Amino acid sequence: MDEATGVGDPGDGRSAAFVHDTVIPEQASPERGEDETPPDVAGTPGGQLHTGSADAATPDAVTGARAAEEAAGPVTNEAPRERPSIPPPPGAPFPRPERTRIFTIANQKGGVGKTTTAVNLAAALAAGGSRVLVIDTDPQGNASTALGIDHRAGVPSVYDVLVEDAPLAEVVHDCPDVPGLTCVPATIDLAGAEIELVSFVAREMRLQRAVRAYLETVAEAPDYILIDCPPSLGLLTINAFVAGHEVLIPIQCEYYALEGLSMLLRNIEMIQRHLNPDLRLSTILLTMYDARTRLSSQVVDEVRNHFPDQVLRATVPRSVRVSEAPSHGQTVISYDPASTGALAYCRAAAELATRPAPAVNERNAQ
Ligand SMILES: Nc1ncnc2c1ncn2[C@@H]1O[C@H](COP(=O)(O)OP(=O)(O)O)[C@@H](O)[C@H]1O
Ligand SMILES: [Mg+2]
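Colleague: I would appreciate a short explanation of the overall build of the chain in the present structure.
Modeller: In terms of helices and strands, the chain carries 13 helices and 8 strands. Every one of the 366 residues in the chain was classed for burial, and the buried ones make up 54%. For the chain, contacts bridging at least 24 residues in sequence account for 81% of all contacts bridging at least 6. Total accessible area computed for the chain in this model is approximately 15,700 Å², and 53% of it derives from carbon and sulfur atoms.

Colleague: Looking at this model, I keep getting lost on the pairing of strand β4 (residues 181-184). Mind explaining?
Modeller: The side chains of a regular strand alternate between both faces of the sheet. Side chains of β4 alternate between two faces, with Leu181 and Cys183 and Thr182 and Val184 buried alike. In this sheet, β4 lies alongside strand β2 (residues 132-136) in parallel orientation, the contact comprising 4 bridges. What sits directly across from leucine 133, in β4, is threonine 182. Summarising the sheet, strand β3 (residues 173-174) and β4 pair through 2 bridges and their orientation is antiparallel. Within β4, the position partnered with histidine 173 by the bridge is cysteine 183.

Colleague: Can you walk me through helix α10 (residues 294-306) in this structure?
Modeller: Structurally, the α-helix is built with 3.6 residues per turn, so residues lying three or four positions apart point the same way. Over its 13 residues, α10 runs 19 Å from end to end, which matches the ideal 18 Å to within 8%, given 1.5 Å per residue. By the burial criterion, the buried members of α10 are Leu295, Ser296, Val299, Val300 and Val303. Projected down its long axis, α10 shows its buried positions confined to an angular sector of 140°, all on one face. More than 90 degrees from the buried face of α10, the exposed residues found are Arg294 and Asn305.

Colleague: Please explain the side chain of threonine 237 as it appears in this structure.
Modeller: Along the chain, threonine 237 falls in helix α8 (residues 235-243). Contact partners of threonine 237, with chain neighbours within four places excluded, come to Cys229, Pro230 and Ser232.

Colleague: Is there a simple way to think about the site of ligand 1 in this case?
Modeller: Taken together, 15 residues lie near ligand 1, and Gly111, Thr115, Thr116, Pro317 and Ser319 sit nearest. Looking at the shell around ligand 1, the element that brings in the most residues is helix α3 (residues 114-127), giving 3 residues. Residues belonging to the shell around ligand 1 are distributed by class as follows: 5 nonpolar, 8 polar and 2 charged.

What counts, and where the lines are drawn
Residues numbered from 1 in each chain as written. Chains lettered and ligands numbered in written order. Predicted model: local features only at pLDDT ≥ 70, side-chain atom pairs only at ≥ 80, totals over all residues. Heavy atoms only, no water. Helix = DSSP H or I, 4+ residues; strand = E, 2+ residues; numbered from the N terminus. Buried < 20%, exposed > 50% of the residue type's maximum accessible area, 1.4 Å probe, protein only. Contact = heavy atoms within 4.5 Å. Areas by Shrake-Rupley, 256 points an atom, 1.4 Å probe, with all protein chains shown as cover. Pairing = 2+ DSSP bridges. Expected span 1.5 Å × (residues − 1). Arc of directions from axis to C-beta. Near = heavy atom within 4 Å. Nonpolar A, V, L, I, M, F, W, Y, C, P; charged D, E, K, R; others polar.

What follows is the structure in structure tokens.
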């Protein structure tokens, strides 16, 4: 798989590689809604609203509601709000899998869209009628934030499951905005878990054990479990790989996109050999696609050539709506269902739901 890292050879497209650090010439593109913005505007922390203009595809009612919201000033996670009604995505209701499909969303690089993909894909699947559980295994707790779940230190969380042997059912919270979506939050307590787990017997299997026990006892098993990983290949990520059936890798359509991918693939192979023979790299999602750059389409072509069976047809565009939704404690699916980002995640969810799950050895199956 070493050739997989060959994308972005400095000889071809070096100038495009730095396009996001420069002023991008404006050019209308059919694939690019007006909500897209360069990344220095996207992702401002702290619950502040952003400067992106309304999405071209957004109906007036939604735009009006958004204008009223913006006029009301910054929204914090604590602000009481009504549950928004989310329109069912195209293709809904999605077919239900025969058994719970467990996706480990991994990439040891930070900032490639793991968390964004976990929460938005989960919300899109839930909007399509599936029951979905997100397990946050990143001590930063970004997935928990985006799903509107309290994750202050001390809140019952995945830490209690991994380190204190708490049953998963005790730490599953309902997501306030999306019916059918639940979440096991991560708190900052988890930051110490990598070290605390070192002395445990079968320390790599703790999440798998907890998930299996949960699926055996819960009244209505989720159709999907999406595990959001931290940006590392440590014990937390290993636990996530061992608990999963399928790996979903988000790949950012950027210059260094595939750098480090061969290491990730080697780690997955190692997990398959020693700890979880059924684990399959089933899905790759291209994120932060920017139709204005040749580089983005080069990355897309390259990844599709290397992984023709894994890459989803849907590609997630760079979109300010996607990046600002978490500061409202929401996924983009509830925050702005008509935005280009929400529609892309809905398409990805529909694909995921209709692609067959890889065969699982019955002995290991859940
Ligand atoms: N499609 C997108 N458009 C715009 N910003 C995005 C998009 N996907 C992710 N982001 C932003 O990029 C940053 C990193 O994404 P995140 O999902 O947290 O990555 P990771 O979990 O891999 O570290 C976040 O600020 C997020 O809001
Ligand atoms: Mg993350």
